[in-house]
Amino acid sequence: MMQKKSYIPYLQVAPLAAVFAGFLVIPILTIIVVSFWDYNFVSIIPDFIFTNYRELLGSEVTLQTYLNTLRYAVMAWALTLAIGFTIAYFLAFHVRSATWQTACFLVCTVPFLTSNIIRMISWIPFLGRNGLMNSLLIKLGVIQHPLEFLLFSDFSVVLAFVHLYTLFMIVPIFNSMMRIDRALMEAAYDAGASGFQVLVNVIIPLCKPGIAIGSIFVVTLVMGDFITVRFMSGGQSASVGLMMANAMSLLQYPAAAANAVILLIVVLLIVVGMMRLVDIRKEL
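About the criteria used
- Residues numbered from 1 in each chain as written.
- Predicted model: local features only at pLDDT ≥ 70, side-chain atom pairs only at ≥ 80, totals over all residues.
- Heavy atoms only, no water.
- UniProt positions renumbered as here; feature names shortened; annotations may be inferred.
- Helix = DSSP H or I, 4+ residues; strand = E, 2+ residues; numbered from the N terminus.
- Core = buried A, V, L, I, M, F, W, Y, C linked by side-chain atoms within 4.5 Å.
- Buried < 20%, exposed > 50% of the residue type's maximum accessible area, 1.4 Å probe, protein only.
- Contact = heavy atoms within 4.5 Å.
- Axes fitted to C-alpha atoms, helices over the stretch in contact; angles between N-to-C directions.
- Left-handed = near helix turned anticlockwise from the far one by under 90°.
- Nonpolar A, V, L, I, M, F, W, Y, C, P; charged D, E, K, R; others polar.

In the nomenclature of an unreviewed UniProt entry, the protein chain is known as ABC transporter permease of Ferrovibrio xuzhouensis. Recorded under Sequence similarities (unreviewed entry), the UniProt text for the protein chain is reproduced unchanged: "Belongs to the binding-protein-dependent transport system permease family. CysTW subfamily." Its UniProt record gives the protein chain a comment under Subcellular location (unreviewed entry), which states: "Cell membrane".

A separate point is the UniProt feature "transmembrane region" (unreviewed entry) in the protein chain. The positions that UniProt labels "transmembrane region" (unreviewed entry) are, in the present scheme, residues 12-37, 72-92, 104-126, 155-175 and 253-278. Within the segment residues 72-92, helix and strand shares are 100% and 0% respectively, and the terminal C-alpha atoms sit 29 Å apart.

Right, let's talk about the nonpolar core for a bit. The biggest cluster of nonpolar side chains holds 62 residues, and the ones touching the most others in it are Phe161, Ile173, Met177, Ile203 and Val222. With residues up to four places along the chain from it excluded, the contact list for Ile203 reads Phe85, Tyr89, Phe93, Met177, Ile180, Met185 and Val198.

Moving on, we come to the packing of helix α4 (residues 60-93) against helix α12 (residues 208-224). For the pair α4 and α12, interaxial distance at closest approach is 9 Å and the crossing angle is 145°. Taken as a pair, α4 and α12 cross one another with a handedness that is right-handed. Only Ile211, Ser215, Val218, Val219, Val222 and Met223 of α12 make contact with α4, whose side of the interface consists of Thr69, Leu70, Tyr72, Ala73, Ala76, Trp77, Thr80, Leu81 and Phe85. When its residues are assigned to classes, the contact of α4 with α12 shows 12 nonpolar, three polar and no charged.

Written out as structure tokens, the structure reads:
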């Protein structure tokens, strides 16, 4: 009887393990295997070579593309953190009613009812050379000529990233703030701490797990994105995801797979670094 019961936990976890293996482990292993294959203009040749990795790691273009992608990730992370923390703080400590908190969250999620591409395209008539922003600034006399950097530039790319991914920063930070014992804040105020001191010494340290989770979401999404960079830069900027997409369009699947493996390693190193700094298990 005891021997039969020992199999029950394995049977219970088997469906989830099968899904995990079928949709994550096997695809990743397939990408790793294909990354060592050879290819030409018309076919993919099963082999075991390191040419794809040598060409990528030895290319100055690859290094610049990764640095450009990391730059996008850092800028998007900093802006989404500032905006997300501010909004989460307002919802957690200034909106007292749970009904109003829910209503504010629904307002934040309304844009997610449409696709990312539609939300990106909506910025084009607003930021264009003859768009609403430039027209308004010229009409108000703020500028004499249209601002060229508003669209098809790094500015528009980062703006789109912030627009798309800020919610991924708001939710985990708000969840952390709602778990803070209000008695700790009251004790700090009673001890003579100012509002800024309470924020720095009580709220932010207790929100570190939520900040780490939101940061992981934003950084991983930006690092793997290619549609946003393609649309919002007008083809003038590059990212790792866009480089892989271009390789696949040319049927260079082994090269794209090798790039995907390198990107996966880079992202995992970033995530591990964040997890070493903050114990996010407290939040899970």
